[in-house]
Amino acid sequence: MSNIGQIYKIHSDFYYVNYNNQIFECKLREVLKKQHLKVVTGDFVHFENGAIEDILPRKSYISHPDCANVEQIIIVSAIKEPDLDFVQLNRYIAFSEYYNIPIKLCFNKNDLSLDDKIIDKVFSIYEPLGYDIIFTSAIEQEGTDDFKNLLTGKISVLAGGSGVGKSSLINAINPDINLRTGNVSDRSKRGTHTTRHCEIISLDINSKIVDTPGFSNLKFDFLMPNEVGKLFNEIKPLEQYCKFSDCLHIHESGCAILENIENIDATRYKSYIAFVNEAKEYKEHVKYNGTKSETRFKQSSNKKRTVKISHKKRESARNTLKQNIQQHYDKEQ
Ligand SMILES: Nc1nc2c(ncn2[C@@H]2O[C@H](COP(=O)(O)OP(=O)(O)OP(=O)(O)O)[C@@H](O)[C@H]2O)c(=O)[nH]1
Ligand SMILES: [Mg+2]
Ligand SMILES: [Zn+2]
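Summary of the structure given here. (Residues numbered from 1 in each chain as written. Chains lettered and ligands numbered in written order. Predicted model: local features only at pLDDT ≥ 70, side-chain atom pairs only at ≥ 80, totals over all residues.)

**With respect to the overall build of the protein**
In terms of helices and strands, the protein carries 10 helices and 13 strands. Looking at the protein residue by residue over its 333 residues, the buried ones come to 35%. Of the contacts formed within the protein by residues at least 6 apart in sequence, a portion of 65% connects residues at least 24 apart. (Helix = DSSP H or I, 4+ residues; strand = E, 2+ residues; numbered from the N terminus. Buried ≥ 20, exposed ≤ 12 C-beta atoms within 10 Å, placed from the backbone. Contact = placed C-beta atoms within 7 Å.)

**Quick notes on the packing of helix 2 (residues 86-98) against helix 8 (residues 266-289)**
Between helix 2 and helix 8, the least distance of the axes is 9 Å, while the angle of their chain directions is 65°. The handedness of the crossing between helix 2 and helix 8 comes out as right-handed. Touching Phe 86, Val 87, Asn 90, Arg 91 and Ala 94 of helix 2 are Thr 267, Arg 268, Lys 270, Ser 271, Ala 274 and Phe 275, all from helix 8. Of the residues that constitute the contact of helix 2 with helix 8, the class distribution is five nonpolar, three polar and three charged. (Axes fitted to C-alpha atoms, helices over the stretch in contact; angles between N-to-C directions. Left-handed = near helix turned anticlockwise from the far one by under 90°. Nonpolar A, V, L, I, M, F, W, Y, C, P; charged D, E, K, R; others polar.)

**Overview of helix 2**
The end-to-end C-alpha distance of helix 2, which contains 13 residues, comes to 18 Å, matching closely the 18 Å that a straight helix rising 1.5 Å per residue would cover. Looking at the buried side of helix 2, the elements it contacts are strand 8 (72-78), strand 9 (103-108), strand 11 (155-159) and helix 8. Immediately downstream of helix 2, the backbone of Asn 100 shows phi near 60°, a positive value. (Expected span 1.5 Å × (residues − 1).)

**Some remarks on the nonpolar core**
In terms of nonpolar packing, the biggest core is built from 67 residues, with Val 39, Cys 67, Ile 75, Val 210 and Val 228 touching the most fellow members. Looking at this core element by element, the count peaks at six residues for helix 2. Those residues in contact with Val 228 that lie beyond four places of it in its chain are Phe 220, Leu 223, Tyr 272, Phe 275, Val 276 and Ala 279. (Core = buried A, V, L, I, M, F, W, Y, C linked by C-beta atoms within 7 Å.)

**Here's the deal with the packing of helix 4 (residues 144-151) against helix 5 (residues 166-173)**
What describes two packed helices is the angle between their axes and the distance between those same axes. Their axes nearest at 10 Å, the elements helix 4 and helix 5 cross at an angle of 95°. Relative to helix 5, the element helix 4 lies roughly perpendicular. On helix 5, the residues that touch Thr 144, Phe 147 and Lys 148 of helix 4 are Leu 169, Ala 172 and Ile 173. Per-class residue counts for the contact of helix 4 with helix 5 are four nonpolar, one polar and one charged. (Parallel < 35°, antiparallel > 145°, perpendicular 65-115°, else oblique.)

**Examining unusual backbone geometry**
With the exception of glycine, the majority of residues adopt a negative phi angle, and the majority of peptide bonds are in the trans configuration. Following Glu 81, the chain continues into Pro 82 via a peptide bond in cis, with omega recorded as 0°. As for its position among the elements, Pro 82 is in the loop between strand 8 and helix 2. One non-glycine residue, Asn 21, lies in positive phi territory at about 65°. Counting through the fold element by element, Asn 21 comes out in the loop between strand 2 (14-19) and strand 3 (22-28). Since 8 C-beta atoms lie within 10 Å of it, Asn 21 is described here as exposed. One non-glycine residue with positive phi stands out, namely Asn 100, at about 60°. Secondary-structure assignment places Asn 100 in the loop between helix 2 and strand 9.

**Things to note about the environment of Ile 23**
With respect to the helices, strands and loops of the structure, Ile 23 is situated in strand 3. Overall, Ile 23 belongs to the exposed group, with 12 C-beta atoms counted inside 10 Å. Sequence separation of Ile 23 and Gly 5 is 18 residues, and the distance between their C-alpha atoms is 9.2 Å. Apart from the residues within four sequence positions on either side, Ile 23 is in contact with Tyr 16 and Asn 18.

Structure follows, in structure tokens:
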């Protein structure tokens, strides 16, 4: 009889499975390898005698980095060092929206600079979009109770650029964990992430957090330009009122978004346009090379798995896109 545990960390060919808070080092069964089934951090798996036999259906999946079954994404930004970059933040938000996972926003390093202007700006842009917002300082232990409260009872993942303080925040609420953190100026010389792997950390019986190396190199080169608006909470509800159903909200006549442009924050709209342009490049690439699945994403791996994991009825196009992203990243690794 095999047991069911959760992958808490992967190192090369070794999969570390948490079963009743005991860790088992496992390898993949040949049959899984042959099926090209990819096991990722957060997956629930059947395992026996050091071998992983099967993956259970996923409740959620995100790529870049790969992890499964997280219930919320906490996007961490630094107010300074590195400077707050709204387009980058919007990129993380849009990416998380794509995966349909609830989003919370954490603004860290508020000991370095916290004027009311920044707080007002952050609240005025992101509160109406429905995102919970907290301000923290991992170093001064400010707002860390709010951070802890965000995590209670859930499996969360931390997203955000390198050096914003993700690992430091986890250390701040639980010093026993003592994750490695990096120095920002060293990092820019090295250009590497201090955290290299995804790892699930148990904070208490109900709360788990996945420390990640950030979600690096996110680009909207996997979806069509007219899908980008769905990732923006202020654009999505208006789209139905545009005169043309394929409206990209850039210069079209009868565009409900352009008619309402004064109610949309300029950095949000600028981010939208930037992501549409990335998606346009992707569309051109697809047009030039033939169909999406035959060109950029050649591998057919994970096809079976993706069908199995997507219990929710989703638009078939969206499903195909997700398969494509996963195949794309599988190929890259
Ligand atoms: N002043 C200040 N510095 C902080 C704060 N949080 C983290 N730092 C510093 O920022 C640097 C980066 O912190 P990390 O926790 O390693 O950042 P990270 O987001 O985990 O980075 P990666 O693992 O590379 O993705 C370290 O030097 C920390 O000491 C904070 O609240 N205030
Ligand atoms: Mg880190
Ligand atoms: Zn429009």
